[in-house]
Amino acid sequence: MTICLLKSKIHRATVTGASVDYEGSLTIASDLADRVGLRAYEKILVGNLANGARFETYVILGKAGSGVIELNGATAHLGRPGDRLTIMSFAWIEAAAADGHAPAVIVLDAENRVVRG
């Protein structure tokens, strides 16, 4: 049997931009994505701490060191620059391995710099 557990989390990411005209996704600075093991085009669940919106989309990698967290396409309607997000991904794990599983988690400051994790 397998169970679905949290794989990665970027907590308190600050939205740096929103582009309705883009085809869709969430752009994440590649160094932040790498830190928690997120891959390009990986499905993510996002929670907006400012307005309570929750939505699924996928990762687009942005420039390393840029701190970019940009809502694209339809997701641009679910937040605005300055909003704080929790970005999560999940993985199916064998139940026998679940007890030893620990997700990769980072917490960011208002400039999207890692303060914990």
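Details of the structure are given in the entry above.
Residues numbered from 1 in each chain as written. Predicted model: local features only at pLDDT ≥ 70, side-chain atom pairs only at ≥ 80, totals over all residues. Heavy atoms only, no water.

1. Here's the deal with unusual backbone geometry
And then number 1: One non-glycine residue, Tyr 41, lies in positive phi territory at about 70°.
And then number 2: By the secondary structure assignment, Tyr 41 is in the loop between helix H1 (30–36) and strand E4 (43–48).
And then number 3: By relative accessible area, Tyr 41 is classed as exposed at 63%.
And then number 4: With a phi close to 60°, Asn 112 is a non-glycine residue in the positive phi region. (Helix = DSSP H or I, 4+ residues; strand = E, 2+ residues; numbered from the N terminus. Buried < 20%, exposed > 50% of the residue type's maximum accessible area, 1.4 Å probe, protein only.)

2. Focus: the pattern of salt bridges
Any two side chains of opposite charge can pair, on the condition that their charged atoms come close.
And then number 1: Following the criterion strictly, the structure yields 4 salt bridges and no others.
And then number 2: One salt bridge connects Asp 109 with Arg 113, and the closest N-O pair in it is separated by 2.9 Å.
And then number 3: For Asp 109, a relative accessible area of 19% translates into the label buried.
And then number 4: Arg 113 is the salt-bridge partner of Glu 111, the closest N and O atoms lying 3.1 Å from each other.
And then number 5: It is possible to trace a salt-bridge network through shared partners that takes in Asp 109, Glu 111 and Arg 113. (Salt bridge = Lys/Arg side-chain N within 4 Å of Asp/Glu carboxyl O.)

3. Brief notes about the sheet that holds strand E7 (residues 84–94)
And then number 1: Strand order in this open sheet of 9 strands is E2-E6-E3-E5-E4-E7-E1-E8-E9, and the pairing throughout is mixed. Pairing within the sheet leaves two strands with one partner each, and these edge strands are strand E2 (17–19) and strand E9 (114–116). Going across the sheet, the axis of each strand differs from the next one's by a mean of 35°, ignoring polarity.
And then number 2: Pairing between strand E3 (residues 25–29) and strand E5 (residues 54–62): 4 bridges, direction parallel. For Ala 29, the partnering residue across the bridge sits in E5 and is Gly 62. (Pairing = 2+ DSSP bridges. Axes fitted to C-alpha atoms, helices over the stretch in contact; angles between N-to-C directions.)

4. Comments concerning the environment of Ile 93
And then number 1: Within the fold, Ile 93 resides in strand E7.
And then number 2: Along the primary structure Ile 93 and Arg 39 are separated by 54 residues, whereas in three dimensions their C-alpha atoms are 18 Å apart.

5. What to know about the nonpolar core
And then number 1: Ile 10, Leu 26, Ile 28, Leu 38 and Ile 87 are the most contacted members of the largest nonpolar core, which totals 22 residues.
And then number 2: If you list the elements that add at least two residues to this core, you get strand E1 (2–14), E3, H1, E4, E5, strand E6 (69–72), E7 and strand E8 (104–108).
And then number 3: Residues contacting Leu 26, with those up to four places away along its chain left out, are Ile 44, Val 46, Thr 57, Tyr 58, Val 59, Ile 60, Ile 69, Glu 70, Leu 71, Asn 72, Leu 85 and Ile 87. (Core = buried A, V, L, I, M, F, W, Y, C linked by side-chain atoms within 4.5 Å. Contact = heavy atoms within 4.5 Å.)

6. Looking at the pairing of E5
Working note: regular strand, side chains alternate between the two faces of the sheet.
And then number 1: Relative to E5, E4 runs antiparallel, the two being bridged by 5 bridges. Paired with Gly 47 across the bridge in E5 is Arg 54.
And then number 2: What sits between E4 and E5 in their antiparallel hairpin is a turn of 5 residues, with Gly 52 showing a positive phi close to 80°.

7. Description of the environment of Asp 99
And then number 1: In this structure, Asp 99 sits in the loop between helix H2 (95–98) and E8.
And then number 2: A sequence separation of 84 residues divides Asp 99 from Val 15, and the C-alpha atoms of the two residues are 34 Å apart.

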